[in-house]
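Breakdown of the fold
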Amino acid sequence: MELDSKCPTGPIETRWDRHKFGLKLVNPANKRKYTILVVGTGLAGGSAAASLAELGYNVKCFCFQDSPRRAHSIAAQGGINAAKNYHNDGDSVYRLFYDTVKGGDFRARESNVYRLADISLDIIDQCVAQGVPFAREYSGYLDNRSFGGAQVSRTFYARGQTGQQLLLGAYQALERQIGLGTVSMFPRTEMLDLIVIDGHARGIVTRNLLTGKIESHFGDAVVLGTGGYGNVYYLSTNAKGSNATAIWRAHKRGALFGNPCFTQIHPTCIPVSGEYQSKLTLMSESLRNDGRVWVPLKKDDTRPASQIPEAERDYYLERRYPSFGNLVPRDVASRNAKMVCDEGRGVGETKLAVYLDFRDAIGRLGTHVIKERYGNLFDMYERIAGEDPYRQPMRIYPAIHYTMGGLWVDYNLMTTIPGLYAIGEANFSDHGANRLGASALMQGLADGYFVLPNTINDYVASTKLDKVDSTHAAVRDAEAQVTGTTAKLLNNKGTRSVDSFHRELGKLMWDYCGMSRNAEGLKLALSKIPGLREQYWREVKVLGSGDELNQSLEKAGRVRDFFELAELMCLDALERNESCGGHFREEYQTPEGEAARDDEHYSYAAAWEFRGVGNRPDLHKEALNFEYVHPAQRSYK
Ligand SMILES: Cc1cc2nc3c(=O)[nH]c(=O)nc-3n(C[C@H](O)[C@H](O)[C@H](O)COP(=O)(O)OP(=O)(O)OC[C@H]3O[C@@H](n4cnc5c(N)ncnc54)[C@H](O)[C@@H]3O)c2cc1C
């Protein structure tokens, strides 16, 4: 298969404008003749559904929560990037573009990243116009703070609730269209398959999560804004419901999967405390603006933090990376935390934690300022860890947080199935091998508010589609598959819970395809996953029935997909014999322990084609070209 990224060429500053001009338009009066299915109501799906309806399309929108505004995006804490340069500290669209390409360790497309940086300006204007209550500084301008991988302050925020406030903005826009009758909303409805007819995405099969009813919905295009797949690791900072089912089932219908092994470990999470924990909690990266990360200089130092004198503390990020200090990107901060803990200098009971200390900031600024900036995060920490972070340092450790991989999409955000689009965290994204903090919200909203509403017209205007209904063989086949899998899961005579399998898979993934990987471990994981998957089908027990609210059944289907996806992630990680961004292969590192890329052999986006469960998928490669930001060893020193 030839991968055509459809990336424009020529001066980077004008690529998107010229590309847009070349796209076909649909006359406003004709738009209402077309139906677009949007799966997902997070920042990506919610903004896309509202925008497409505003343009005049008929939209059917789906989410599995009871309300669109409960999408996982609501959990985003820290902020959203935009190159407004309000602080006059040297920011520009070009600098955001540069930081993002470098931050992603040169594994993203320049054209996409430049467009993203450029659109960041419009996003803030749009959200302010919607009434999103961003923090302001004394003059009345919007305030900014810093996030990792940047030396400027470009992160807009609404306390520690930025995702919630942005999502309320998108939700209002969506509700307005629901009120106008241009969006039909289907909450508590899970997409379980994609309907492909004559090579085009024409619909989805869904299950009503309250009644169990299986139904098909048809449209002229399908948009997946279904989020990331970090929960393959069981323990992650993601909402418990986040899953890969929509993108995975689209993958099985022909959409190539891009860079599945590119996962992000966030350095500042509340550490794991026991075997039976089911969720990890993020402490926002914004805390690294004022918190200082350290461990004791000595191994196995059991003294409380307050009794360790300054001279016996190692502020290892400030020491190793003097120019970026505590604000190095996430992959670098995470690896360093692991390194000091591996040396035996970790803190707390498990020794798998480092300190994030606000003592100096509180001394400099006063408790009231720290409370104003991070109050809700401090409260959350105290509730979970049982320690007061105003008095003693937080204990933090890296955890799975975000997935840069996802469905491969071209510059128009279309997957390899014509008419199927993927937006937000569901696509393989503009972040390369490592996402910079506060850039996911930017990308989700760029995709939903600004990119997709332009590019989808071109497909609609240039594609002649026949009418479809539920009698079509492809529809009957997709529905039969969904019904069959549901019945198989419910009728299984096993004895083990879905969660116990999920936990086992997650541990395997964390141990062998987590913060660092090596060929031996990946091969071991690849030898174990198929057996565990087969055992799952033999031994899983799903309680309840199929015609009622049944969360055990919902989970069972999602975990089934995680098993298949996990195998692809390990394969992709094994295939990529280099370290880049969050993909740290122990065999490939510089003498200082930094990621060592191999641009000669691996400067490509991997796009995998499904060949059946248990069969080796085909690898396609999209070569990456860098005309503006020339690949170099990333340095944050
Ligand atoms: C704790 C936390 C804090 C974060 N903080 C920040 C931050 O400060 N800044 C930043 O830039 N990023 C942050 N991120 C990342 C960011 O929140 C996510 O990447 C982003 O919100 C994803 O948005 P999305 O619209 O792509 O998907 P989501 O918000 O995950 O939405 C997915 C939607 O798809 C629906 N869906 C999924 N599957 C199906 C299905 N099969 N059928 C029907 N519906 C389905 C869901 O119901 C939901 O509506 C954070 C992430 C976490 C975990």
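Residues numbered from 1 in each chain as written. Predicted model: local features only at pLDDT ≥ 70, side-chain atom pairs only at ≥ 80, totals over all residues. Heavy atoms only, no water.

Attention now goes to the overall build of the protein chain. For the protein chain, the helix and strand inventory stands at 17 helices and 19 strands. Computed over C-alpha atoms, the radius of gyration of the protein chain comes to 24 Å, within 12% of the 26 Å expected from 2.2 N^0.38 for 637 residues, which places it in the range of a compact globule. Taken along its principal axes, the extent of the C-alpha atoms in the protein chain is 75 × 60 × 50 Å. Here the protein chain holds 637 residues, and the buried ones make up 61% of them. Summing over all exposed atoms, the protein chain offers an accessible surface of approximately 23900 Å²; the carbon and sulfur share of this is 49%. With 77 positive and 77 negative side-chain charges, the protein chain shows a spacing of 3 Å between the two charge centroids. (Helix = DSSP H or I, 4+ residues; strand = E, 2+ residues; numbered from the N terminus. Rg over C-alpha atoms; globule rule 2.2 N^0.38 Å. Buried < 20%, exposed > 50% of the residue type's maximum accessible area, 1.4 Å probe, protein only. Areas by Shrake-Rupley, 256 points an atom, 1.4 Å probe, with all protein chains shown as cover. Lys, Arg positive; Asp, Glu negative; His and termini not counted. Charge placed at Lys NZ, Arg CZ, Asp CG, Glu CD.)

So, on to the site of the ligand. As a matter of local geometry, the ligand sits amid 37 residues, with Gln65, Ser73, Gly78, Met191 and Glu425 nearest to it. The side chain of Ser73 places a nitrogen or oxygen atom 2.5 Å from an oxygen atom of the ligand. Taking Ala440, its main chain carries an N or O atom lying 3.0 Å from an oxygen atom of the ligand. Its free accessible area being 1000 Å², the ligand has 97% of it covered by the protein chains. Looking at the shell around the ligand, the elements that each hand over two or more residues are helix 3 (43-55), strand 6 (189-197), strand 15 (394-403) and helix 12 (440-462). Take the shell around the ligand: its biggest share by element is 3 residues, from strand 6. Taken together, the residues that form the shell around the ligand break down as 16 nonpolar, 18 polar and 3 charged. (Near = heavy atom within 4 Å. Polar contact = N/O pair within 3.5 Å; in protein donor to acceptor, adjacent residues only side chain to side chain. Nonpolar A, V, L, I, M, F, W, Y, C, P; charged D, E, K, R; others polar.)

This part takes up empty space enclosed by the protein. One pass over the full model with this rule turns up 5 cavities of 30 Å³ or more. Approximately 140 Å³ is the volume found for the largest cavity. Lining the largest cavity we find 14 residues, and of these Leu192, Arg249, Thr486, Leu553 and Gly557 sit closest to its centre. Broken down by class, the residue content of the lining of the largest cavity amounts to 5 nonpolar, 4 polar and 5 charged. Taken domain by domain, the makeup of the lining of the largest cavity includes at least three residues from each of domain 1 (34-264 + 402-462) and domain 3 (473-597). (1 Å grid on protein atoms, 1.4 Å probe; cavity = no way out; pocket = protein on both sides within 12 Å on 5 of 7 lines; lining within 4 Å. Points joined across faces, edges and corners; volume = space filled by probe spheres on them. Domains from an automatic or database assignment.)

Glancing now at the side chain of Asp458. Structurally, Asp458 can be placed in helix 12. Although Asp458 lies buried, it forms no salt bridge, and the closest oppositely charged side chain, Lys24, sits 5.6 Å away as judged by the N-O distance. Excluding its chain neighbours within four sequence positions, the residues that come into contact with Asp458 are Leu23 and Lys24. (Salt bridge = Lys/Arg side-chain N within 4 Å of Asp/Glu carboxyl O. Contact = heavy atoms within 4.5 Å.)

Glancing now at the sheet that holds strand 6. Strand order in the open sheet formed by 3 strands is 6-7-8, with antiparallel pairing between adjacent strands. Every other strand in the sheet has two partners, leaving strand 6 and strand 8 (214-218) as the edge strands with one partner each. Across this sheet, the average inter-strand angle for adjacent strands is 30 degrees, counted without regard to direction. In this sheet, strand 7 (residues 200-208) lies alongside strand 6 in antiparallel orientation, the contact comprising 8 bridges. Across the sheet, Leu194 pairs through a bridge with Ile204, a residue of strand 7. (Pairing = 2+ DSSP bridges. Axes fitted to C-alpha atoms, helices over the stretch in contact; angles between N-to-C directions.)

In this structure the tally under the stated criterion is 25 aromatic pairs. A centroid spacing of 6.3 Å and a plane angle of 45 degrees characterise the contact between Trp294 and Tyr315, whose relative ring orientation is tilted. Of this pair, Trp294 sits in strand 12 (residues 292-296) while Tyr315 sits in the loop between strand 13 (313-314) and helix 8 (316-320); the two residues are 21 residues apart in sequence, bridging distant segments of the chain. On the accessibility criterion, Trp294 (0% relative accessible area) is buried. For Tyr315, a relative accessible area of 10% puts it in the buried group. Relative to Phe563, the ring of Tyr536 has its centre 5.2 Å away and its plane inclined at 45 degrees; by these criteria the two rings are tilted. In this pair, Tyr536 sits in helix 15 (residues 519-539) while Phe563 sits in helix 16 (residues 551-575), placing the two residues 27 residues apart along the sequence. Taken together, the aromatic side chains of Tyr86, Phe134, Tyr141 and Phe156 make up a single cluster linked through ring pairs. Over the face of the ring belonging to Tyr157 we find Arg145, whose NZ or CZ atom lies 3.8 Å from the ring centre. The ring centre of Trp537 lies 4.2 Å from the NZ or CZ of Lys488, which sits over that ring. (Phe/Tyr/Trp six-rings, centres within 6.5 Å; stacked < 30°, edge-to-face > 60°. Lys NZ or Arg CZ within 6 Å of the ring centre and 35° of its normal.)

What follows concerns helix 7 (residues 245-252). The element helix 7 is extensively covered by neighbouring structure, given that 7 of its 8 residues are classed as buried. Inspection of helix 7 places Thr245, Ala246, Ile247, Trp248, Arg249, Ala250 and His251 among the buried residues, and these make up the whole buried set. In the segment just after helix 7, Gly254 is the residue with positive phi, at about 125 degrees.

Where strand 7 meets strand 8, 5 bridges bridge the pair, whose relative direction is antiparallel. In the strand pairing of strand 8, Val205 is matched with Ser216. Between strand 7 and strand 8, which pair antiparallel in sequence order, lie 5 residues; one of them, Gly212, sits at a positive phi of approximately 80 degrees.

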